[in-house]
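# Remarks on the overall topology
Spelled out from the first residue to the last, the chains are:
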Amino acid sequence: MIWNEKIETMNLEDLKEVQSKRLKSMLDYIYNNSTFYKNKFDKEGINIEDIKSIDDITKLPFTTKEDMRDNYPFGIFSNKSKLAEIHVSSGTTGNPTLVGYTKDDIGLWSDVMARTLGCAGAKPGDVIQIAYGYGLFTGGLGFHYGALEMGLTIIPCSAGMTKRQLKIMEDFKPRILACTPSYAMYMSEDAKDMGMDPRKSSWEIGIFGAEPWSESMRTQIENTWNILATDVYGLSEIIGPGVAQECTNKEGLHVFSDVFYPEIINPTTGQPVKEGEDGELVFTTFTKKAIPVLRYRTRDIVSMTNKQCKCGRTSPRISKIKGRTDDMIVVRGINVFPSQIEHVLVNIEGTTPHYQLVVDRSSKNLDTLEIHVEVEQKIFSDEIKKLTQFENKIQDEIESMLGVSVKVKLLEPRSIERSIGKAVRVIDKRNI
Amino acid sequence: MAKELNVFIDNKPGRLKAITGLLKEKKINLRALTIQVREDFGLIKTIVDKPNEAYMTISDKGFACALKEILAILIDDSPGGLDDILDIFAENNININDSYAFIIDSGNKAVYCVEVVDIEKVKALLEKNGFKLLDDQDLYGL
């Protein structure tokens, strides 16, 4: 179903008018309420009165992850006194990324998530099993709000306890499953162990995201569970899940562009690319109140089309994520930056700055992260017991920083291949 | 006191050979060798005739290695030879971190190498009980 029919099927000219109007009021709002944006505009000599329509957006400055980090915790916020909720995700180094929602923002989130659910084929009265993590991660609660808005019956399972998830599915027959694609595959192994036939599950629709996944993985999930597997896109800096979603045609993700305005730019020049070309996805949030962002650079590489979809929605569609402009990797829904690992290692005596992250997908379809670290020649310990303690110490510190389990592998000095120029920090063996 | 050379190596084919190759080049002879293996790495422990030279050679090649003092105790190569020593360890509540033994003269003499925490104290204790502790020269003069 189309949840917000008026907006989602609006003709493009009217939509553009909405976008222009909203951009102007957004600029006025952030200039008057966010110290960060006021300073930025004043410094760059930007007069918001010069911005007449959405086409002028390219004259405005970008916002980056670094801006978020450097102004931690509340520097970018336009409203920090009436927050209903805050969420925190791991940052590149040092500071995490903080996002906040006013009550109105939660209302916006509920609306875009209801649109997301509708886009995937949900309708009021359906039962949804939410197996995204609840907590500081935005996945669980985002789906929860949207499902509440639409009038679904929610089973708030959160992630984990797989056997119980499967029992709940058998007992309550939810029609919709929301989780990471790797968890969907992982659950199928346990289902088989329990003597279940995954093809006979009650799930008809899957809404999978929070990590990149390929068309071949889609085929695998669809065949295994006998389910329609759709892709959801989002990031906490914009709102969480609910930024874009595939409809049942599975031909790109519909961006809710009346509230989250997408641009595709050349990551080097910052200039817009031609329609259909790959580039970095950039978002402006028109109506958010706590932490509106202007031209936020997601670092995700996608392409975009304005062609109207068969489903009737008029908003532009983005492709699945094709890559990143940085070396961030996503492991079991958690963002991991090599620099975070480096930060931990430089503070542990006995390790060298030479390390590698090896990401793989286990036979049970769960992502694994191995940290390869060279031991230092000098402070080398000559007792197995101490080396094991050393390995455990590195593992504990990395795990407590990332919030994801890792395996640490100690290597001989000089055994990681040196490269001229940029070091190869990540080896991703997953076929995604 | 006897010196043991410890080398950290990846647990994969050819790594031990990388070390023995270096020793061969320098004409360094091995008296004993043992490897402790973990899933990903191993720790070579070896007694050689020229420990300092071996250490320099291996560390120059970038290996993580260390020279370490251990107790090398001369024992009889006969039933109960080891047990007599372990009596003393047990009675005095001494924990053994690692140990290995090798024969020097079959049916006559063997050497028991042992790693403990308080090496000086244990050395004194063993000598008081009449055991002979070997140093590098002793080990190769046997």
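Residues numbered from 1 in each chain as written. Chains lettered and ligands numbered in written order. Predicted model: local features only at pLDDT ≥ 70, side-chain atom pairs only at ≥ 80, totals over all residues. Heavy atoms only, no water.

Our next topic: the environment of lysine 59 of chain A. All names here are of chain A. Within the secondary structure, lysine 59 sits in the loop between α3 (35-43) and α4 (65-70). Residues lysine 59 and isoleucine 46 lie 13 residues apart in sequence; the distance between their C-alpha atoms is 8.6 Å. Setting aside anything within four residues of it in sequence, one finds lysine 59 in contact with Ile46 and Ile51. (Helix = DSSP H or I, 4+ residues; strand = E, 2+ residues; numbered from the N terminus. Contact = heavy atoms within 4.5 Å.)

With that settled, consider the packing of aromatic side chains. Residues and elements named next belong to chain A. One pass over the structure, following the stated rule, counts 13 aromatic pairs over all chains. Ring centres of tyrosine 132 and phenylalanine 143 lie 4.9 Å apart, and the angle between their planes is 25 degrees; this geometry places the pair in the stacked category. Of this pair, tyrosine 132 sits in the loop between β3 (127-130) and α6 (138-150) while phenylalanine 143 sits in helix α6, placing them 11 residues apart in sequence. Pair check on accessibility: tyrosine 132 and phenylalanine 143 agree, each one buried. One Lys or Arg, lysine 289, reaches over the ring of tyrosine 29 and ends 4.4 Å from the middle of that ring. Lying over the aromatic face of tyrosine 355, arginine 425 brings its terminal NZ or CZ to 4.1 Å of the ring centre. (Phe/Tyr/Trp six-rings, centres within 6.5 Å; stacked < 30°, edge-to-face > 60°. Buried < 20%, exposed > 50% of the residue type's maximum accessible area, 1.4 Å probe, protein only. Lys NZ or Arg CZ within 6 Å of the ring centre and 35° of its normal.)

Looking now at the sheet that holds strand β9 (residues 253-255) of chain A. The pairing of strands in a sheet comes from backbone hydrogen bonds and takes either a parallel or an antiparallel form. Residues and elements named next belong to chain A. The mixed open sheet is built from 9 strands, whose spatial order is β4-β3-β5-β6-β7-β8-β9-β14-β13. The open sheet has two edge strands with one neighbour each: β4 (153-155) and β13 (304-305). This element, helix α9 (residues 215-225), spans β6 (205-209), β7 (228-235) and β8 (240-246) of the sheet and lies at about 130 degrees to β7. (Pairing = 2+ DSSP bridges. Axes fitted to C-alpha atoms, helices over the stretch in contact; angles between N-to-C directions.)

All names here are of chain B. Buried residues dominate strand β6 (residues 109-115), accounting for 6 of its 7 residues. By the bridge criterion, 6 bridges tie strand β4 (residues 65-76) to β6 in an arrangement that is antiparallel. The residue bridging isoleucine 73 from the neighbouring strand is tyrosine 112, located in β6. Here strand β5 (residues 98-105) runs beside β6; their pairing, made up of 7 bridges, is antiparallel.

This brings us to the domain arrangement of chain B. All names here are of chain B. Domain boundaries in chain B define domain 1 (2-68) and domain 2 (70-141). Once you take the C-alpha centre of each, domain 1 and domain 2 turn out to be 22 Å apart. With 15 residues of domain 1 at the contact, the number on the domain 2 side is 12 residues. For the domain 1 and domain 2 pair, buried surface summed over both sides reaches about 1,300 Å², with 53% attributable to carbon and sulfur atoms. (Domains from an automatic or database assignment. Buried area = accessible area lost by both parts, 1.4 Å probe.)

A few words now on the sheet that holds strand β1 (residues 2-10) of chain B. Residues and elements named next belong to chain B. One open sheet holds the 6 strands; their spatial order is β2-β3-β1-β4-β6-β5, and the pairing between them is antiparallel. Only two strands of the sheet have a single neighbouring strand rather than two, namely β2 (30-37) and β5. Ignoring strand direction, the axes of neighbouring strands in this sheet form an average angle of 30 degrees. Lying over the sheet, helix α2 (residues 51-60) contacts β1, β3 (41-48) and β4, oriented at roughly 145 degrees with respect to β4. Lying over the sheet, helix α3 (residues 81-91) contacts β4 and β6, oriented at roughly 115 degrees with respect to β4.

Let's shift gears to the pattern of salt bridges. All names here are of chain A. Within this structure, the stated rule accounts for 43 salt bridges over all chains. One salt bridge in this structure joins glutamate 204 and arginine 175, with 2.9 Å as the shortest N-O distance. With glutamate 204 in the loop between α8 (181-193) and β6 and arginine 175 in the loop between α7 (162-172) and β5 (176-179), this pair connects stretches of sequence that are 29 residues apart. Notably, a salt bridge pairs glutamate 263 with arginine 295, separated by 2.8 Å at the nearest N-O pair. You can see glutamate 263 sitting in strand β10 (residues 260-265) and its partner arginine 295 sitting in the loop between β11 (279-285) and β12 (296-302), a full 32 residues away along the chain. (Salt bridge = Lys/Arg side-chain N within 4 Å of Asp/Glu carboxyl O.)

So, on to the environment of alanine 110 of chain B. Residues and elements named next belong to chain B. Note on placement: alanine 110 falls in strand β6. For alanine 110, a relative accessible area of 6% gives the class buried. Considering only alpha carbons, one finds alanine 110 and glycine 81, 29 residues apart in sequence, at a separation of 8.8 Å. Here alanine 110 is in contact with Ile73, Leu74, Ile75, Asp77, Phe102, Ile103 and Ile104, once residues within four sequence places are set aside.

Turning next to helix α11 (residues 384-402) of chain A. All names here are of chain A. With 19 residues, α11 should reach 27 Å at 1.5 Å per residue; the first-to-last C-alpha distance of 27 Å fits that figure. Of all the residues in α11, the buried ones are Ile384, Leu387, Phe390, Glu391, Ile394, Ile398 and Leu402. With its buried residues spanning 130 degrees around the axis, α11 presents them on a single face. Remark: glycine 403 follows α11 within two positions and exhibits a positive phi of approximately 75 degrees. (Expected span 1.5 Å × (residues − 1). Arc of directions from axis to C-beta.)

Turning next to unusual backbone geometry. All names here are of chain A. Residue tyrosine 72 is joined to proline 73 through a cis peptide bond whose omega torsion reads -5 degrees. If you check the backbone angles, asparagine 226 has positive phi at about 55 degrees while not being a glycine. Along the chain, the position of asparagine 226 falls in the loop between α9 and β7. Judged by relative accessible area, which is 42%, asparagine 226 ranks as partly exposed. Despite not being glycine, lysine 250 shows a phi value in the positive range, around 55 degrees.

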